[in-house]
Amino acid sequence: MDSTAHINTDLVSFGYSESTYVMTDYALHCHNFYEVFYFLSGDADYLVEGVNYQPTPGSVLLLSPHAFHGVRVNSTAPYRRYSLHFHPDLLLPERRDFLLRAFPQTGENAGQPIYFKHTEQFHLLSYLESLESCSRKSNEFQAQMLPICVEALLMQIADMSDSCNAFSKQSDTPQTQLSSILFYLNQHLKDPVTLDEISDHFFISKHHLNKVFKKATGTTVIDYLLRKRIAYAQMLLFNGCHAKEAAANSGFLDYSSFYRSYVRILGHPPGADRGVLAKPNDNVIGNVTVHG
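Figured I'd write up the structure that's included with this text. Just so you know, these numbers come straight off a predicted model, no measurement behind them. (Residues numbered from 1 in each chain as written. Predicted model: local features only at pLDDT ≥ 70, side-chain atom pairs only at ≥ 80, totals over all residues. Heavy atoms only, no water.)

### A closer look at the overall build of the chain
Quick reminder of the rule: Helix and strand definitions here come from DSSP, where helices need a minimum of 4 consecutive H or I residues and strands a minimum of 2 consecutive E residues; each element is numbered from the N-terminal end. Whether a residue is buried, partly exposed or exposed follows from its accessible area with a 1.4 Å probe, protein chains only, as a fraction of its type maximum: under 20%, in between, or over 50%, in that order. By definition, residues are in contact when any of their heavy atoms lie within 4.5 Å. Using a 1.4 Å probe, accessible areas were evaluated by the Shrake-Rupley method; residue-level cover was limited to the displayed protein chains.
Along the chain, the regular secondary structure elements total 9 helices and 9 strands. Expressed as a percentage of its 292 residues, the buried residues of the chain come to 51%. Within the chain, contacts between residues separated by at least 24 positions form 75% of all contacts whose residues are at least 6 apart in sequence. When the accessible surface of the chain is totalled, it reaches about 13700 Å², and 51% of it is carbon and sulfur.

### Things to note about helix α7 (residues 221-238)
It helps to recall that an α-helix has 3.6 residues per turn; residues three or four apart then point in one direction. Note the cut-off: To estimate the expected span of a helix, count its residues, drop one, and scale the result by 1.5 Å.
Between the first and last C-alpha of α7 there are 26 Å, a value that for 18 residues agrees with the 26 Å anticipated at 1.5 Å per step. Counting buried positions along α7 yields 15 of 18 residues, so the element is predominantly enclosed.

### Examining the side chain of Gln234
Let me state the cut-off plainly: Two N or O atoms count as a polar contact when they lie within 3.5 Å, although within protein this holds only if one can serve as hydrogen donor and the other as acceptor, and sequence-adjacent residues are included solely when both atoms are side-chain atoms.
You can see Gln234 is positioned in helix α7. Polar contacts involving the side chain of Gln234 include one to the side chain of Asp273, which spans 3.0 Å.

### Quick word on helix α3 (residues 139-163)
We apply this condition: Bend is computed residue by residue as the angle between axes fitted to the seven residues ending at the residue and the seven residues starting at it.
The end-to-end C-alpha distance of α3, which contains 25 residues, comes to 36 Å, matching closely the 36 Å that a straight helix rising 1.5 Å per residue would cover. Approximately 35 degrees is the largest bend angle found in α3, and it occurs at Met145, with the proline Pro147 only one to four residues beyond. Gln142, Leu146, Cys149, Val150, Glu151, Leu153, Leu154, Gln156, Ile157, Ala158, Met160 and Ser161 are the residues of α3 that are buried.

### Section: the packing of aromatic side chains
Basically, it comes down to this: For Phe, Tyr and Trp, rings pair up if their centres lie within 6.5 Å, where Trp contributes its six-membered ring, and each pair is then called stacked (planes under 30 degrees apart), edge-to-face (over 60) or tilted (otherwise). A ring has a charge above it when a Lys NZ or an Arg CZ is no more than 6 Å from the ring centre and no more than 35 degrees off the ring normal.
Here the structure, examined in full by the defined rule, presents 17 aromatic pairs. Residues Phe39 and Tyr46 carry aromatic rings whose centres are separated by 5.5 Å and whose planes lie at 70 degrees to one another, so their mutual orientation is edge-to-face. The same class applies to Phe39 and to Tyr46, which are both buried. Taken together, Phe252, Tyr255, Phe258, Tyr259 and Tyr262 form an aromatic cluster joined through their ring pairs. In this structure, Lys137 packs its charged tip against the face of Phe141, placed 5.7 Å from the ring centre.

### Some words on empty space enclosed by the protein
The test is simple: A cavity, in this analysis, means grid points on a 1 Å lattice covering only the protein atoms where a 1.4 Å probe fits yet has no way out; a pocket is instead an open set bounded by protein on both sides within 12 Å along at least five of seven lines, and a residue lines either one if it has an atom within 4 Å of a point. Grid points are joined across faces, edges and corners, and a volume is the space filled by probe spheres set on the points. Classification used: nonpolar for Ala, Val, Leu, Ile, Met, Phe, Trp, Tyr, Cys and Pro, charged for Asp, Glu, Lys and Arg, polar for all others including Gly.
Under the criterion given, the structure shown has 1 cavity of 30 Å³ or more. In this structure, the largest cavity encloses a volume near 40 Å³. Lining the largest cavity, in full, are Phe39, Ser41, Gly42, Ala44, Pro55, Thr56, Pro57 and Tyr79. When the residues that make up the lining of the largest cavity are grouped by side-chain class, the tally is 5 nonpolar, 3 polar and no charged.

### As for the sheet that holds strand β5 (residues 51-53)
The line we're drawing: Strands were regarded as paired on the criterion that DSSP finds at least two bridges between them. Think of each axis as a best-fit line through the C-alpha atoms, taken over the contacting stretch in the case of a helix, with angles from 0 to 180 degrees between the N-to-C directions.
Ordered in space as β5-β4-β7, the 3 strands form an open sheet in which the pairing is antiparallel. Lying at the two open borders of the sheet, with one neighbouring strand each, are β5 and β7 (69-73). The mean angle between the axes of side-by-side strands here comes to 20 degrees, regardless of whether they run parallel or antiparallel. Summarising the sheet, strand β4 (residues 44-48) and β5 pair through 3 bridges and their orientation is antiparallel. Among the inter-strand pairings, Leu47 is bridged to a residue of β5, identified as Asn52.

### A few points about the pairing of strand β3 (residues 34-41)
By the criterion of burial, β3 is predominantly enclosed, with 7 of the 8 residues buried. In this sheet, strand β8 (residues 79-86) lies alongside β3 in antiparallel orientation, the contact comprising 7 bridges. Note on β8: the bridge partner recorded for Phe39 is Arg81. Two strands pair when backbone bridges link them, and β3 and strand β6 (residues 60-63) are joined in this way by 4 bridges, in the antiparallel orientation. Looking across to β6, one finds that Val36 is bridged to Leu62.

### A look at the sheet that holds β3
In space, the 6 strands of this open sheet follow the order β1-β2-β8-β3-β6-β9, with antiparallel pairing throughout. Looking along the sheet, the strands with just one partner apiece sit at the ends: β1 (6-8) and β9 (115-116). α3 rests against β1, β2 (12-19), β3, β6, β8 and β9 of the sheet, and its axis sits at about 110 degrees to β8.

### With respect to the environment of Leu237
Checked against the element boundaries, Leu237 lands in helix α7. Since its relative accessible area comes to 0%, Leu237 is described here as buried. Linking Leu237 and Ala272, residues 35 residues apart in sequence, is a C-alpha distance of 8.9 Å. With residues near it in sequence (within four places) discarded, Leu237 still touches His242, Ala243, Ala246, Tyr262, Pro270, Asp273, Arg274 and Gly275.

### Thoughts on the pattern of salt bridges
When the charged atoms of two side chains lie near each other, side chains of opposite charge can form a pair. Put simply, the rule reads: A carboxyl oxygen of Asp or Glu within 4 Å of a side-chain nitrogen of Lys or Arg is what we treat as a salt bridge.
The tally for this structure, following the rule as stated, stands at 8 salt bridges. With a closest N to O distance of 4.0 Å, Glu18 and Arg80 form a salt bridge. Within this pair, whereas Glu18 is found in strand β2, its partner Arg80 is found in strand β8, the two being separated by 62 residues in sequence. Note that Arg72 and Asp45 form a salt bridge whose closest N and O atoms lie 3.1 Å from each other. Of the two residues, Arg72 is situated in strand β7 and Asp45 in strand β4; the sequence distance between them amounts to 27 residues. By relative accessible area, Arg72 is classed as partly exposed at 26%.

Written as structure tokens, this is what we have:
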């Protein structure tokens with residue numbers, strides 16, 4: 001396990017990391033990439049769309065694009081993990097749906113497990129070590145082997161997902177109500193919904209709505225919507241959409257508020273992301289900091 005072995009391209013980021021830094025709050029965010037986390041050791045927990053996961057050695061967490069999530073490291077015990085972030089365009093179109101079958105899609109498979117414990121029997125570590133080995137190869141070799149290595153790992157994850165039923169999730173909030181709220185927000189992501197409309201829809205006060213929501217997700221309803229909309233707008237920009245069109249199609253009523261929010265959340269203006277996935281070999285993942 002080599003902390004210097006990293007891969008960063010337009011479509012994929014991979015690496016092994018180790019840290020003893022304690023985080024008292026979740027680093028909450030969402031973005032446009034699929035993510036695989038394989039945990040080796042440490043005292044940390046993940047918050048994913050209001051559900052808390054406490055990873056153990058040999059466990060795996062799968063995240064779909066736009067999943068609102070964050071990690072919190074609770075002690076100085078070495079926190080060690082492999083992480084893979086990838087865009088679906090990395091995968092061959094004819095195999096893409098099958099390879100992504102373990103990842104819940106928006107509005108579908110709401111109860112599908114994303115966390116798997118005791119996965120050693122599926123030998124995922126050997127596939128991750130193949131990716132680590134790939135990172136040390138020449139750029140020419142890496143370009144040919146990287147999609148193959150990622151697809152091999154995802155094939156094994158699909159098999160694991162089909163075979164495993166054991167997973168854990170914990171939350172202090174009743175999941176039936178929270179799941180309904182989250183589903184509603186994601187279904188109306190592009191609509192100019194207000195807190196009043198949401199509270200009326202679920203027959204609860206705005207105060208109680210925000211209290212329940214923040215306790216479960218770590219943020220407010222409005223901040224959740226804002227970050228989801230920015231992530232969706234960034235995806236549109238990646239694919240060549242004009243900034244004003246991306247703003248309108250992601251639920252923003254005026255461009256100035258979109259621009260300010262985009263810069264505040266992502267740290268750069270919208271124009272920097274336009275068409276970035278079409279740029280060859282610039283060795284960045286769409287100007288996005290992908291972390292978890």
